[in-house]
Amino acid sequence: MAKHHIQTTINGDEVDVLCEPSQSLLDVLRDELHLTGTKEGCATGDCGACSVTIDGRLVCACLVLGVEVNGAKIETIEGMADGENLHILQSKFIEHVALQCGICTPGLLIAAKSLLEENPDPTEEEVRYGLAGNLCRCTGYQKVVEAVLDAASELRGA
Amino acid sequence: MQHGIGQPVTRTEDPRLLTGRGIYVDDITLPNQAYAVIVYSTIAHGIIKSIDTEAASAAPGVLLILTGEDAKADGLGGFGPAFMPEDVGIPVPGHRTSRPILAQGKVRHLGERVALVVAETAHQAMDAAELVEVDYETLPAVTTAVEAVKDGAPQVYDEAANNTSFALRMGNGEAVAAAFESAAHTTKVSIYNNRLTANSMEPRGSNATYDRASGETTLYVSTQNPHGVREELSGHIFHEPETKLRVIARDVGGGFGMKGGVYPEEALVVWATRKIQRPVKWTPSRTESLMSDDQGRDQTVEAELALDADGKILALRWAALNNVGAYIVGAANVPVMFSLRLAQTVYAIPEIDVGTKAVFTNVPPTTPYRGAGRPEAVYIMERLMDTAAHEMGIDPVELRRKNLIAADAMPFTTHTHYVYDSGEFDATMSQCVAAADWDGFEKRKAESEANGRWRGRGLAYYIDDTGIFNDRMELRFDPSGSVTIVAGTFSHGQGHETTYPQMVSDWLGVDADNIRFIQGDTAAVSFGRGSYASRSMIVGGSALRYAADEIIEKGKKFAAHVMEASPADIEFADGKFVVAGTDKQMSMTEVAQWAYHPAGLPPELGIGLEGVGGFAATSPSFPNGCHISEVEIDQETGKVYLDRFVAVDDMGIVMNTLLAHGQVQGGVGQGVGQALLEDLQYDPDSGQLLTGSFLDYCMPRADDLPSMEIEMNEVPCTSNPIGVKGAGEGGTVGATPAVIIAILDALRSEGVNDIPMPATPERIWQALADAKKAA
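These figures come from a predicted structure and were not determined experimentally.

## Considering the overall build of chain B
Here is step 1: Looking only at helices and strands, chain B has 20 helices and 30 strands in total.
Here is step 2: The long-range share in chain B, meaning contacts at least 24 apart out of those at least 6 apart in sequence, stands at 79%.
Here is step 3: Carbon and sulfur atoms make up 49% of the accessible area of chain B, which amounts to about 26900 Å² in all.
Here is step 4: For chain B, the distance from the average site of its 62 positive side-chain charges to the average site of its 103 negative ones is 1 Å.

The following block contains the structure:
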C-alpha cells in the first residue's frame, strides 16, 4: 500500500514522514520518528499513556491516524522541557516523587500541562477529574495530584 | 547526612523517566527485527484436532510459524511449579503440571498459546495469525473452584480427581471443634476473594536476538526477575547451560508479582530468533495481557470464629478452595500456602484449624499478585472480627484490642510456626484511630445522611510476611574512587536506584553522586533473584549492609598498609579510616584509589576494593498496620465514594519516607480497586473472558481515590541487620477489608450484612433491594 507523505510540526520542529494509512499517530511517533517517550498502555483510548496535544488539544495518540495530522502542531513529552531546563510540572513530579515505574508519567505530564492551560487554579477535585483519563497503577495518584496542585500554584505566582 | 538513611531524598531515576528517556522493552528496536504474534486459544477447553498453517505461511512477509508439534520435535520442555508442598517439607502429594510453551494436543484455558507467527512487520504477523486455522473439539469447561470440585465436573486433568491438585490443612481440628462446642458466640462468613489481574501499565513484552558469532542469545524482557527468567528458560525449556542466554531488563513499567515468573512468549522469541537468525520482538495488546498474564486471588472460603462472652477469641476455623486455574506454574503455590500460614494474623487465638485445596479450572493460572495469600488471610480474619463485633454489640476497636497480640508477647510464635519478632499492634491501632478522628464519625455521618448519603467506616488490621529467599549484592570501587552497586534485586518502580545509594552513602561516607547502580543484566550481575513479595529492602538491603562491611574490613587493611599501621589500629567512622589515637587518616575514596595502585601493594591484599554481601532471613519480617476508611454511599445510585483513608504502618526502619509513603498509597489504590472496581469475569459455561479491555476491567482512576493520610510507627525488625520490614504489599492487604467493612457499616441500617467484591453500584443496589424484600 502506498505510504502517505505527512508534513507536521513536532515539538517545534518541522517534520516530514512517510506513513501507512493504517498507522496511528502513536505508531508514527514511536516507530517512524523514534520518539518513544509517548507510551502505549492499551491502544483503545482508555489509559492516557499516549497523551499528546494536537494544535493544543489533548488527545490519545493511539486514537488518531498518522495521516490525520498533516499540517498540525504536535507536542509530546520530548518537547516538554526546554533543553535541560525541566518544565515546572516535571520539577514538581520529582520533588513530590509523583512517579514509580514511570511508564504512565509522560502521558500524565502532558495531560496535566493541558489541564493547567485550561484551568490555572484547579481544586484537588478538578485535578482528579482532569487526570481521570490517565491510568497509573503504581502511585494511587496522590503524589501526582499534589505535584500538579503545587505546580499550578507556582505557575500562578510566576 | 543530607542524603543518608531516613531522608526524604528525591529519586535519581526520575529525570530520565519524566523526560521520555526511559527505556522500556517496547522502546527497544533492534536492527532488522521481525515481529512475533501469538495465536491464542479461542476456547477454554478442547482437543486440538489439527492446525493448518498453509494459508498463513503464504501470507505476505511471513518468516516463521511454529506450533506445539514443532516444540515437541525440538525437544523443548515446559514450565512447572517452583515448588509443590511436598518440595518444602509438607508430606502432601499433589498433581504437578507442566505448562507447554505452545499447546500440545489440548488447550486448557482461553488464551493458551497455540502457535507463533513471525513476520516482517507487526501488521503482517497479525494478518497471518488470523489465517492460522485451528480445528478444536470443544470440551465442557469449568471456571470456578466451587463447581470444579463437584463430582461430574469437567476434568482439567484426568489424573487429578475432582480437579484437586492437593489439599492442605494446618492447626488442630479436634481442639477447634471442642472450642466451638463451648463457645458463647460463633460467627460465620462466606467469602469469595475475587479474581484479579495486575494490569501493570507496561504490558509484558520481549525482544530476542541471536548472535551467530558467539552463539549467545540476548533476551530483552519486561520482568521482575531477569536471572529467574534465564534459569527457567535454560533449565526447563532449552536444556542448556545458562551461559547461552543473556537476559536484560531495562526500565520495567510495574509488575506487582505478575512479572515475577517466566512466560511462554519469552521462550518463543528466543526459540524464534535462533531459527530465523534475526531479532524477534513481541509486544502484546492490552486485551492479550488481560487474557494471557498470570492472574491473582480467586479464593472461596467458609470461615468461622468462636468467642467467649467477653469477646475473647477461642478458635478460628476455615475451609477454602483456591482456584489455581489450568496450570500450577512458578510461584503459584505461594498464595495458596501463605493464606494458611498467615491465618491468625495479629490475634492471640488459642486454636486454629484452616485448610484449602488447590483446584484446577479452565481459566489462566494464578500466581502471586500484590499480597499473594496475605490479602486472603487478612480479609477473612477482619471480616470475621467485624461481623463478630457487630453481632455481639462490641465496639470493633475494643474487640480487636481484647485479642491483639501484645507487644510484650514478642517474639510470638503462631500456630503455623511463624515467629513475629516485633510489633506494637495495639499502639499502632490507637495511633490510627486518633489520626482518623474516630470520635468525629457520628457528626460526619449525620452530615452525610442530610445529603442523601449513608456513611460507614471500616477498620482493618493487617500483617504481612516479607523477605523470602536469599540474595546477593556487590559493591565495587573503581580506580577513580567511585563505587558501583551491583544489585541482585530488580527495581521496577520501587526506587532502588535512589535508596540503595542513600544507604551506601551513609555507611561508607561516599557522596551519593559518586555511586552508580547496576541491575537487571545477567552479564553484569553475576546472580540475583529479583524483586517481589516486598523482599528487596530486607534481603537486598541487608546483603548490601554486609557488602559494605566487607569493604570496610578490606579498606582497613589497605589503609593500614598505606599509613604504616596495624589493621587492628584502624578505625572507620564517617567515611574516614583513622589510625587510632593519631591524626593520621584517609578517606574511603583515597583508600579505594590506593587499592588500584599499579605497584607496591602486598599480594595478600589483592587488587582493587570490592565487597560481596549475601543475606538470607532466618525468619520473615512482619510489616503490619491499621487502616481506617470512611465511605459515603449515594442512596439513589448505590455508588460508593471513598471519602477518607488513614493508614498507620509499621515497616520497621524507614529508609526514605517519600518512597515508603508512595508504596502505601499505591498499595492502597490497588486494594481499593479490588473492593470497589476490579474483577476478572469468565463466562461460566464457555470460559470466555468477559473483561477483556479497560472498558470492562475497571481500574482505579484519580477520581476514585481520596487523599490518604499516612503515618508510620517504626518498630525495628530484629531478624535482619538493618531493622527493616517489607513495604510493598501492606497497603493492598489492609485497604480491601477496610473499605468493604466501611460499606457494610454504612448499609447495616438498611439490613445489608454482606456484599461481594467488587462492591459495584449495581451490587449495592441489588443488596439493598434484596434486604428490603427480606424485611
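## As for the sheet that holds strand S4 (residues 57-60) of chain A
Residues and elements named next belong to chain A.
Here is step 1: Judged by pairing direction, the sheet is mixed, and its five strands sit side by side in the order S2-S1-S5-S3-S4 without closing on themselves. Looking at which strands have only one partner, the edges of the open sheet turn out to be strand S2 (13-19) and S4. Shown here is a sheet whose adjacent strand axes are inclined to one another by a mean of 40 degrees, direction ignored.
Here is step 2: This element, helix H1 (residues 25-32), spans strand S1 (4-10), S2, strand S3 (51-54) and strand S5 (73-75) of the sheet and lies at about 100 degrees to S2.
Here is step 3: Contacts between helix H3 (residues 105-118) and the sheet are confined to S3, S4 and S5, with S3 contributing the most and set at about 40 degrees to the helix.

## Here we look at the domain arrangement of chain B
Here is step 1: Domain parsing of chain B yields domain 1 (14-139 + 202-253 + 259-292), domain 2 (142-197 + 295-410), domain 3 (421-465 + 622-775) and domain 4 (470-616).
Here is step 2: Computed over C-alpha atoms only, the centres of domain 2 of chain B and domain 4 of chain B are separated by 45 Å.

## Describing helix H5 (residues 142-157) of chain A
Here is step 1: Helix length check: H5 of chain A, at 16 residues, gives a terminal C-alpha distance of 23 Å against a target of 22 Å (1.5 Å per residue), a fit within 8%.
Here is step 2: Those residues of H5 of chain A that sit buried are Gln142, Lys143, Val144, Val145, Ala147, Val148, Ala151 and Ala152 of chain A.
Here is step 3: On its buried face, H5 of chain A sits against helix H2 (88-96), H3 and helix H4 (124-130) of chain A together with helix H18 (657-676) and strand S30 (708-712) of chain B.

## Comments concerning the sheet that holds strand S16 (residues 313-325) of chain B
Residue and element names in this part refer to chain B.
Here is step 1: Taking strand neighbours across the sheet as the criterion, the five strands line up as S9-S17-S16-S15-S10 in an open arrangement whose pairing is mixed. The open sheet terminates on both sides in strands that have one partner only, identified here as strand S9 (164-171) and strand S10 (185-196). Sheet twist, expressed as the average angle between the axes of neighbouring strands with direction ignored, equals 10 degrees.
Here is step 2: Bridge count for S10 against strand S15 (residues 296-307) is eleven bridges, and the pairing is antiparallel. Residue pairing in the sheet places Ile191 in a bridge with Val301 of S15.
Here is step 3: Strand contacts of helix H6 (residues 173-182): S9, S10, S15, S16 and strand S17 (351-360), with the helix running at about 125 degrees to S16, the strand carrying the most contacts.

## As for the side chain of Ser222 of chain B
All names here are of chain B.
Here is step 1: Among the structural elements, Ser222 can be located in the loop between strand S12 (216-221) and helix H7 (226-237).
Here is step 2: Overall, Ser222 belongs to the buried group, its relative accessible area being 2%.
Here is step 3: For Ser222, the side chain forms a polar contact with the side chain of Lys259, separated by 3.0 Å.
Here is step 4: Setting aside its immediate chain neighbours within four residues, Ser222 contacts Val25, Glu202, Pro203, Arg204, Gly205, Val252 and Lys259.

## Quick look at the pattern of salt bridges
All names here are of chain B.
Here is step 1: Counted under the stated rule, the structure contains 55 salt bridges over all chains.
Here is step 2: The partner of Asp298 in a salt bridge is Arg195, and the shortest N-O contact between them spans 2.7 Å. Residue Asp298 is found in strand S15, and its partner Arg195 is found in strand S10; the two are separated by 103 residues along the sequence.
Here is step 3: Among the charged side chains, a salt-bridge network with shared partners connects Asp437, Arg444, Arg453, Arg455, Glu630, Glu632, Asp643 and Arg644.

## Details of the interface of chain A and chain B
Here is step 1: Counting residues at the interface gives 43 residues for chain A, matched by 49 residues for chain B.
Here is step 2: Summed over both partners, the interface of chain A with chain B buries about 3900 Å², with 56% contributed by carbon and sulfur atoms.
Here is step 3: Taken together, the links from chain A to chain B amount to four salt bridges.
Here is step 4: The salt bridge partner of Arg30 of chain A is Asp26 of chain B, with a shortest N-O separation of 3.0 Å.

## Observations regarding the packing of aromatic side chains
Residue and element names in this part refer to chain B.
Here is step 1: Taken as a whole, this structure holds ten aromatic pairs over all chains when the rule is applied.
Here is step 2: Taken together through their ring pairs, the aromatic side chains of Phe412, Tyr418, Tyr420, Phe425, Tyr461 and Phe622 make up a single cluster.
Here is step 3: The lysine or arginine in question, Arg453, covers the ring of Tyr641, its NZ or CZ lying 3.9 Å from the ring centre.

## Remarks on the nonpolar core
Here is step 1: The biggest cluster of nonpolar side chains holds 199 residues, and the ones touching the most others in it are Phe93 of chain A together with Leu233 and Ile743 of chain B.
Here is step 2: Here this core takes nine residues from helix H19 (residues 730-747) of chain B, the largest share from any one element.
Here is step 3: The residues contacting Ile743 of chain B, other than those within four sequence positions of it, are Val631, Ile633, Val640, Leu676, Ile755, Ala759 and Ile764 of chain B.
Here is step 4: Residues Phe477, Val483, Phe517 and Met537 of chain B belong to the second largest nonpolar core, which totals 43 residues.

## Some points on the environment of Ala178 of chain B
Residue and element names in this part refer to chain B.
Here is step 1: Take Ala178: it is sitting in helix H6.
Here is step 2: For Ala178, a relative accessible area of 44% translates into the label partly exposed.
Here is step 3: Spatially, the C-alpha atoms of Ala178 and Lys281 are 61 Å apart, while their sequence positions differ by 103 residues.

Calculation criteria
- Residues numbered from 1 in each chain as written.
- Chains lettered and ligands numbered in written order.
- Predicted model: local features only at pLDDT ≥ 70, side-chain atom pairs only at ≥ 80, totals over all residues.
- Heavy atoms only, no water.
- Helix = DSSP H or I, 4+ residues; strand = E, 2+ residues; numbered from the N terminus.
- Contact = heavy atoms within 4.5 Å.
- Areas by Shrake-Rupley, 256 points an atom, 1.4 Å probe, with all protein chains shown as cover.
- Lys, Arg positive; Asp, Glu negative; His and termini not counted.
- Charge placed at Lys NZ, Arg CZ, Asp CG, Glu CD.
- Pairing = 2+ DSSP bridges.
- Axes fitted to C-alpha atoms, helices over the stretch in contact; angles between N-to-C directions.
- Domains from an automatic or database assignment.
- Expected span 1.5 Å × (residues − 1).
- Buried < 20%, exposed > 50% of the residue type's maximum accessible area, 1.4 Å probe, protein only.
- Polar contact = N/O pair within 3.5 Å; in protein donor to acceptor, adjacent residues only side chain to side chain.
- Salt bridge = Lys/Arg side-chain N within 4 Å of Asp/Glu carboxyl O.
- Buried area = accessible area lost by both parts, 1.4 Å probe.
- Phe/Tyr/Trp six-rings, centres within 6.5 Å; stacked < 30°, edge-to-face > 60°.
- Lys NZ or Arg CZ within 6 Å of the ring centre and 35° of its normal.
- Core = buried A, V, L, I, M, F, W, Y, C linked by side-chain atoms within 4.5 Å.

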